[in-house]
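# Descriptive structure summary
Chain by chain, the residues:
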Amino acid sequence: MSSRRKSIFAMTGTAILATLLSMPITSSAQTAPGAESTIRQAFRTGCMAGPLWTTCGRRLDETVLQGLAHVNWTGNGVKALLAESWSSPDKGKTWIFKLRNGVKWHDGKPFTADDVVFSFNTYVDPAVASIYAPKLVDVKGYQDFRDGKATSLAGVTKVDASTVKIELVDVRPLWVELQQISISMLPKHLLGSIKPSELQQSPYWTQARVGTGPFKWTKYVPDQFIELARNDDYFLGKPKAERMIYRIFADIPSIMNALSTGEIDVMSYEGGGVPVSDIERMQKVPTLTVLPNLDAGLPTYLQFNFNHTHLKDARIRQAMVYAIDRDKIIASVKKGTGKISNTMFPAAWAQSPSLNPYKYDPAKAKQLLKDAGWDASRKVDFIYYYADQVNKDTVTAIQAYLAAVGVNIVPRLLNPAEIQVAYKDGTFEMGYFANGQGLDPSLGALTTTCGAQLAFTWCNKRVDELYNAGLSESAREKRAPSYQEISKILNEEMFRGWLWYEVRPMAFSKRVVGPAEHYSQMPNLIFDLPVYNEVEKWEVK
Amino acid sequence: MTSPLLNVQNLVTRFYSDGAVIHAVNDVSFSLNAGESMAIVGESGSGKSVTVMSIMRLIRHPPGRIEGGKVFFEGQDLLAISEDEMRKIRGNRIAMIFQDPMTSLNPVLSIGLQMTESIQLHLGLSLKEAREKAIKMLSLVGLPKPQERIDDFPFQFSGGQRQRVMIAMALSCNPTLLIADEPTTALDVTVQAQIIELIQGLQQKLGMAVIWISHNLAMVAGVVNKVAVMYGGHLVEQAPVDALYEQPRHPYTLGLLNAIPKLEGRAQGRLVAIDGMPPDLRREPDTCPFAPRCIYALDKCREALPPLTQSAPGQLSRCWRSDELDQIANKVELS
Amino acid sequence: MFNYILRRLLVSIPILIGITVIVFFIASQMPGDAVLAMISTDTPQAEDLVKLRRGQLGLDLPIYEQYGRWVGQLLHGNLGFSFQSGESVISVIAARLPATLELMGVALIIAIILGVFLGVVSALKQYSWLDYSFTFFGFAGISIPDFFLGMVLVYVFSIELGLLPSSGISTAGNAFSLSDNLRHLILPAFALGLARTASFMRYTRASVLEVMNNDYVRTARAKGLGERLVTTRHILRNALIPVVTVIGITLPTLFGGAVIIEVIFQWAGIGLMFINAVTGRDSPVIMGYVLLSAVIVLASNLITDIMYSVLDPRIRYD
């Protein structure tokens, strides 16, 4: 190797190195201070399809597209947005919406009742195949439209340019608070002429999602980011931030990295929060606020398949919960992330004050099993599918505790697709699951009412009655007794072996004032719904 | 008498590997006049190739090193000049051709390029001029249609043709000394004679000196003026070729001559081989290297290295018994 | 040569058909499908929805019919539409391909320059401390998995030292600037290129060592050529021929490695696109990616073979 060659290489190498190092070295210096304020949020891949089809794109949609009224971030009631007010002349079977005046779409065209009628019909149109169609099941004409007997919803009518009438099939006092909150308003003048079966292919969703919200669509770079600019004419006031950017990430570790290096300000919670193992690390980063105990509203439980006779005796199920030291598991395996649950409803107002706490008592568990005639030699098929280490360790711990009292479970890890099959066929005896309870206890009916597939043949007529009673009133104080009684029944009968409520830790950059404050006020994280989060008030320090 | 073209004095070359020292060339001296030809013969491992590689200073270090002696060529000691100056001589004043022309030519370069690169380097010609010279050389060595073949690659030639190319390449800068390291060993028998004739003819035409390296004494005998015999890294005998044949003064030379199959005479006799194994070059060269195999060996031979003694002008041998060799050899033969 | 190229191109067709058939079949055997990935069965009336959507996407047809539809579309120059986003697969790929080409290209350049250089130095200075340390580095580089290296680089340079961004192609929302792009490119390109560097280095070293001791190198020196000319024209010119082949063979692994690196660094290229498509069972995108990478691999193999014959006159195709 001649020395001339060596020196050429050395010089080239030094030159490259020098060029690279001379570039600005801090990656967080993305906006010149004071020049403009941009809020950067994390967004997950595969959530781009839009409010008609995707369950995880809400944090984007709630800033661009809006509904008549969105759920408040406090979980209590709704904020009137595109509807100024609404009323029901017949205690909830008919709803009259008065639309807000002077609202314009981001392209300048006025928002009118035509858009509302168009939007409701689009959600239900079978050719569109929206997964939120069932939210409008109570609207008159829903079934005919779905079956092809009609070409629109009979129950949705325009009264005048700023009034819409919705007729339901029955009295639903909470229809506005619980059902229509999933629906976003879409611009008829842009989407009305597209064939419904081709709606998803329209470039509207990727190039120019025109809405009415505080931020308007500027640019979408596939797999990279979505850029929004401030809507100066927003009807609730000009937003404080100038731009909002949603950076697209495929997995959580990259989001954690980007948070700690200051590349993003707000993380997403769909699909997971700060992993338990990272909480300490994130807490050490001085620029971040960490909220380690945000309730995810996700009760985790032991699932029983009541088709099997040996699981039908309530004492057996109660025994299993007594046998598990839940406090210990939460403290050790889950590193403190979780709150013991003894019933299905996470919301405090829906829980009976006199729930049995099922304190850890293996002796009592053994006694109950003996009384119920449990056969200790029996092996129980136990399925689960959360494959991360914390959950695997949890299942192992559960297995140990149960074995100590004579219940031998044989855990089987399935992948998500196999789980669907197992659900359908009922080919399991017990399982370890979590199920989002959503915003309102009434949604618990999905899994507990007699005949529901996820009830696995459990049936309690009283519970069904109570659910109906709960939905017949709209004031929370009037509804509470029904749910509290349900919660007590579920607690005593242990229809599911209640374990704990999951938390979803989150972290936010201190650079933006607003996100951490609003999220910490949520009673539990709200999934799959647009939330009114006062985004227009978030500002960059 | 003019000073010799090449004068090798007390050349010593050693190789170092794995802690062992290999005495490849021990105190070798010989000289060659301009236009003369000589042969260095010996078996594999005798040091003949290492000797000429040392003259060319092509010994790679590691593992080898020229450790002593002087090599005077055209008046200057090649061992004392700088590498840059030596490069001006290699391929230019002294040229070398090697044993296997297939592996000795770069397979991915055209023969034209391989020739012009040294022509341009040493003679400073332009590419066009260098190509013309190369074509001339190719026809000189008897290659048909040289202008068509100059851009061909080595694999497109036969063995004999390749060797001709090598010779043309070596001679293109008109060297005064050509070293031919076993130039015919890798060739067919029929071609061998052609190549030898070619080199001989060129030697006379161009007036250069030639050193032939060979393990086949018979082959080179007809071509050279004098012969040097090497064994075990030592020069054991040196003599004009006729004198060597008539009166060998070293038992090894005698053995070589006896081992040559003869067509006349005792044709029905067996070939007389030299018993024993080749010498171990790791041993200190302080005793006669041939002693273990020598049928005339005395104790003295195993104790001390015989000096090179001159028995007649131009005739040297390294044997304690070189003077009595003709007598004892006959005696042994008759018995 | 022309005939040879033609033959190779013709042979590629059944190969591509075979690849697409196999991948299509395997992908269809994955448990779950695109629709189930989008709609959870907790949703009331999920069954009707699932059926409806599957019908829309053509997932209720038998497999060979689905494949036939795909091929039919392909022959019309249409790669179909993504199940997840509805965009045409061609535009999905076209939007992301340049990023991957940039990543792979730079990684390959790094690997070639560094690998060949280190290999040559290592061989020419055999047994020196330089050689030993480069060889050690070579073993380490081949043994360390791409993703591990990527994660270590992110940890050291991005999180701990804060010198470079942790992910992405460029700073989101800013106008494109080359220096910003390059800053984001450094870590992933190194992570992807370093393993290849080690492999090229070993091959180059072995090849140079072998060539170094060849007779024609001795001849070149005997002609009085300087070391530089001997090294470049005689040693390297021969030694690098097999290395070219190795580089060509490495291209498919570069593709695979790019997928991993793109996921770690959120590099918005076709590798990341592919992983998202697999997770979402987005069959049209999966097939589009497979077809594209198969074409690129076949093309690079062909180009490598042609280059080989260009470099080595002893190799002639007919």
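Small disclaimer: the values here were computed from a predicted structure and weren't measured.

## A few points about the overall build of chain B
Looking only at helices and strands, chain B features 13 helices and 12 strands. A compact globule built from 335 residues would reach a C-alpha radius of gyration of about 20 Å, and chain B, at 21 Å, matches this within 12%. Across the 335 residues of chain B, 51% fall into the buried class. As displayed, chain B offers around 15300 Å² of accessible surface, 52% of which is attributable to carbon and sulfur atoms. In chain B, which carries 32 positive and 35 negative side-chain charges, the distance between the mean positions of the two groups comes to 2 Å.

## Description of the overall build of chain A
Of regular secondary structure, chain A possesses 18 helices and 21 strands. By residue count, 57% of the 541 residues in chain A fall in the buried class. Long-range contacts, defined here as pairs at least 24 residues apart, represent 71% of the contacts in chain A between residues at least 6 apart. A total accessible area of about 21100 Å² is found for chain A, and carbon and sulfur atoms account for 53% of it. On chain A, the mean spot of the 62 positive side-chain charges and the mean spot of the 55 negative ones are 4 Å from each other.

## Here we look at the pattern of salt bridges
Residue and element names in this part refer to chain A. For the structure shown, the criterion picks out 48 salt bridges over all chains. Residue Lys140 is joined to Glu167 by a salt bridge in which the shortest nitrogen-to-oxygen separation is 3.5 Å. Of this pair, Lys140 sits in the loop between helix H3 (113-124) and helix H4 (142-147) while Glu167 sits in strand E7 (residues 163-167), placing them 27 residues apart in sequence. Between Lys488 and Glu492 there is a salt bridge, with its nearest N and O atoms 3.0 Å apart.

## Side note on the domain arrangement of chain A
All names here are of chain A. Looking at chain A, the domain boundaries give domain 1 (3-26 + 65-205), domain 2 (215-292 + 508-540) and domain 3 (295-503). Between domain 1 and domain 3, the C-alpha centre-to-centre distance is 35 Å. Note on domain 1 versus domain 3: buried area summed over both sides is about 660 Å², and carbon and sulfur give 70% of it. For domain 1, the biggest contributors to the area lost against domain 3 are Pro173, Leu174 and Leu178; these three give 65% of the whole. Taken together, the links from domain 1 to domain 3 amount to 0 salt bridges. Taken together, the links from domain 1 to domain 3 amount to 0 residue pairs in polar contact (both at pLDDT 80 or more). Residues that form the side of domain 1 that touches domain 3 fall into these classes: 5 nonpolar, 2 polar and no charged.

## Focus: the pairing of strand E14 (residues 379-384) of chain A
Taking burial as the measure, the 6 residues of E14 of chain A include 5 buried ones, the bulk of the element. Handedness of the E14 of chain A-helix H13 (residues 389-404) of chain A-strand E15 (residues 408-413) of chain A crossover: right-handed.

## Here we look at the state of the cysteines
Following the criterion strictly, the structure yields 2 disulfides over all chains and no others. Covalent S-S linkage joins Cys450 of chain A and Cys459 of chain A, the inter-sulfur distance amounting to 1.9 Å. When the S-S torsion is 90°, as for the bridge of Cys450 of chain A with Cys459 of chain A, the disulfide is right-handed. Each bonded cysteine of chain A gets a number by its place in the sequence, and the pairs then read 1-2, 3-4. Just so you know, Cys319 of chain B is unpaired, no disulfide at all, and the nearest cysteine sulfur is the one on Cys301 of chain B, 6.1 Å from it.

## Let's talk about the interface of chain C and chain B
If you look at the interface, chain C gives 21 residues, while chain B gives 26 residues. Regarding the contact of chain C and chain B, the summed buried area is about 2100 Å², with carbon and sulfur atoms giving 61% of it. Counting across the chain C and chain B interface gives 2 salt bridges. Where chain C touches chain B, the interface holds 11 residue pairs in polar contact (both at pLDDT 80 or more). Among the elements of the structure, helix H9 (215-222) and helix H10 (227-265) of chain C are those that each provide at least two residues to the side of chain C that touches chain B. Split by residue class, the side of chain C that touches chain B holds 7 nonpolar, 5 polar and 9 charged.

## A short note on the side chain of Ser54 of chain B
Residues and elements named next belong to chain B. Note that Ser54 resides in helix H1 (residues 48-55). Reaching out from Ser54, the side chain makes a polar contact with the backbone oxygen of Val50 at a distance of 2.6 Å. Contact partners of Ser54, with chain neighbours within four places excluded, come to Leu11, Thr13, Ile59, Ile66 and Leu79.

## Things to note about helix H6 (residues 129-143) of chain C
Residue and element names in this part refer to chain C. Relative to the 21 Å expected for 15 residues at 1.5 Å per residue, H6 spans 21 Å between its end C-alpha atoms, a close match to the ideal helical length. Of the positions making up H6, those classed as buried are Asp131, Phe134, Gly138 and Gly141. Buried residues in H6, looked at end-on, bunch into an arc of 90°, giving them a common side. Structural note: H6 exposes Trp129, Tyr132, Phe136 and Ser143 on the side pointing more than 90 degrees away from its buried face. Where H6 is buried, its residues meet helix H5 (89-124) and helix H8 (178-212).

## A word on the packing of helix H11 (residues 270-279) of chain C against helix H12 (residues 283-311) of chain C
All names here are of chain C. With their axes 9 Å apart at the nearest point, H11 and H12 run at an angle of 140° to one another. In terms of orientation, H11 and H12 fall into the oblique class. Like other packed secondary-structure pairs, H11 and H12 cross with a definite hand, here left-handed. Packed against H11, whose contacting residues are Ile270, Gly271, Met273, Phe274, Ala277 and Val278, the element H12 presents Val285, Ile286, Tyr289, Val290 and Leu292 at the interface. Considered class by class, the residues forming the contact of H11 with H12 number 10 nonpolar, 1 polar and no charged.

## Structural notes on the nonpolar core
Counting 100 residues, the largest nonpolar core has Phe120, Ile166, Trp175 and Ile226 of chain A as its most contacted members. Residue-level mapping places this core at the junction of two domains, with at least three residues from each of domain 1 (3-26 + 65-205) and domain 2 (215-292 + 508-540) of chain A. Excluding residues that lie within four positions of it along the chain, Trp175 of chain A makes contacts with Trp95, Phe97, Phe120, Leu136, Asp138, Val139, Ile166, Leu168 and Gln180 of chain A. Core analysis: the next-biggest nonpolar cluster, separate from the first, contains 95 residues, Met38, Leu58, Leu217 and Val229 of chain B among them.

## Notes on the sheet that holds strand E16 (residues 430-434) of chain A
Residues and elements named next belong to chain A. A sheet is described by the order of its strands in space; here 6 strands give the open sequence E13-E17-E12-E16-E14-E15, paired in mixed fashion. The sheet terminates laterally at strand E13 (339-340) and E15, the two strands that pair on one side only. Where E14 and E15 come together, 6 bridges link them in parallel fashion. Its bridge partner lying in E15, Val380 is registered against Ile409. Helix-sheet contacts for H13 involve strand E12 (295-304), E14, E15, E16 and strand E17 (497-503), and the interaxial angle to E15 is about 165°.

## Examining helix H7 (residues 159-171) of chain B
Residues and elements named next belong to chain B. Under the 1.5 Å per step criterion, the end-to-end length of H7 is 19 Å for 13 residues, consistent within 8% with the ideal 18 Å. Extensive coverage of H7 is indicated by the burial of 11 of its 13 residues. Along H7, the residues classified as buried are Gly160, Arg162, Gln163, Arg164, Val165, Met166, Ile167, Ala168, Met169, Ala170 and Leu171.

## Describing the environment of Leu82 of chain A
Residue and element names in this part refer to chain A. Position of Leu82 among the secondary structure elements: in the loop between strand E3 (78-80) and strand E4 (83-87). A residue is classified by how much of its surface remains accessible, and Leu82, at 0% relative accessible area, is buried. A sequence separation of 204 residues divides Leu82 from Pro286, and the C-alpha atoms of the two residues are 40 Å apart.

## What about the confidence of the model for chain A?
Looking at chain A as a whole, its pLDDT mean stands at 86, while 93% of the residues score no less than 70. A low-confidence stretch, residues 22-35 of chain A (pLDDT under 50), is modelled with 26 contacts involving residues beyond four sequence positions or located in other chains.

## Here we look at the packing of H9 of chain C against H10 of chain C
All names here are of chain C. One can describe the packing of H9 onto H10 by two numbers: an axis separation of 10 Å at closest approach and a directional angle of 160°. Relative to H10, H9 is oriented roughly antiparallel. Two packed elements cross with a definite hand, and for H9 against H10 that hand is right-handed. Contacts between H9 and H10 pair Tyr216, Val217, Ala220 and Arg221 from the former with Glu227, Val230, His234, Ile235 and Asn238 from the latter. Here the contact of H9 with H10 is built from residues that sort into 5 nonpolar, 2 polar and 2 charged.

Parameters and conventions
- The residue numbering used here restarts from 1 in each chain and proceeds along that chain's sequence as written.
- Just so you know, chain letters begin at A and ligand numbers begin at 1, following the order they were written in.
- Given that this is a predicted model, residues contribute local features only at a pLDDT of at least 70 and side-chain atom pairs are listed and counted only at 80 or more, while totals for whole chains, interfaces and linings are drawn from all residues.
- Only heavy atoms go into the side-chain values, all of them from the structure, while hydrogens and water stay out.
- A run of DSSP states H or I qualifies as a helix once it reaches four residues; a run of E qualifies as a strand once it reaches two. Both are numbered from the N-terminal end.
- Computation of the radius of gyration draws on C-alpha atoms alone. For the globule rule, the value is 2.2 Å times the number of residues to the power 0.38.
- Using a 1.4 Å probe on the protein chains alone, a residue whose accessible area is under 20% of its type maximum counts as buried, one over 50% counts as exposed, and one in between counts as partly exposed.
- Only the protein chains shown count as cover for residues, and the accessible areas themselves come from Shrake-Rupley with a 1.4 Å probe.
- Counted as positive: Lys and Arg. Counted as negative: Asp and Glu, with His and the chain ends omitted from the count.
- Charge positions come from single atoms, namely NZ of Lys, CZ of Arg, CG of Asp or CD of Glu.
- By definition, residues are in contact when any of their heavy atoms lie within 4.5 Å.
- Salt bridges are identified by distance alone: a Lys or Arg side-chain nitrogen within 4 Å of an Asp or Glu carboxyl oxygen.
- In this document the domain limits rely on a domain assignment from an automatic tool or a database.
- A simple way to read buried area is as the amount of 1.4 Å-probe accessible surface that goes missing from two parts once joined, with both sides added.
- Here a polar contact means two N or O atoms within 3.5 Å. Within protein one must be a hydrogen donor candidate and the other an acceptor candidate, and residues neighboring in sequence count only if both atoms are side-chain atoms.
- Any residue that is not Ala, Val, Leu, Ile, Met, Phe, Trp, Tyr, Cys, Pro, Asp, Glu, Lys or Arg is counted as polar, Gly included; the first ten are nonpolar and the last four charged.
- Call a crossover right-handed when, viewed with both strands pointing away from you, the route from the first strand across the helix to the second goes clockwise.
- Count a disulfide wherever a pair of cysteine sulfur atoms falls within 2.5 Å.
- By this rule, a helix spans an expected 1.5 Å times one less than how many residues it contains.
- Of all possible arcs, the one meant is that of the directions from the helix axis to the C-beta atoms.
- Axis lines are fitted to C-alpha atoms, over the contacting stretch for helices. Their N-to-C directions set the angle, which ranges from 0 to 180 degrees.
- The cut-offs work like this: below 35 degrees is roughly parallel, past 145 is roughly antiparallel, 65 to 115 is roughly perpendicular, and the gaps in between are oblique.
- In a left-handed crossing the near helix is turned counterclockwise from the far helix by less than a right angle, and in a right-handed crossing that turn is clockwise.
- Each nonpolar core is a collection of buried residues, namely Ala, Val, Leu, Ile, Met, Phe, Trp, Tyr and Cys, held together in the definition by side-chain atoms within 4.5 Å.
- For two strands to be treated as a pair, DSSP must find no fewer than two bridges joining them.
- Per-residue confidence from the predictor is reported as pLDDT, which spans 0 to 100.

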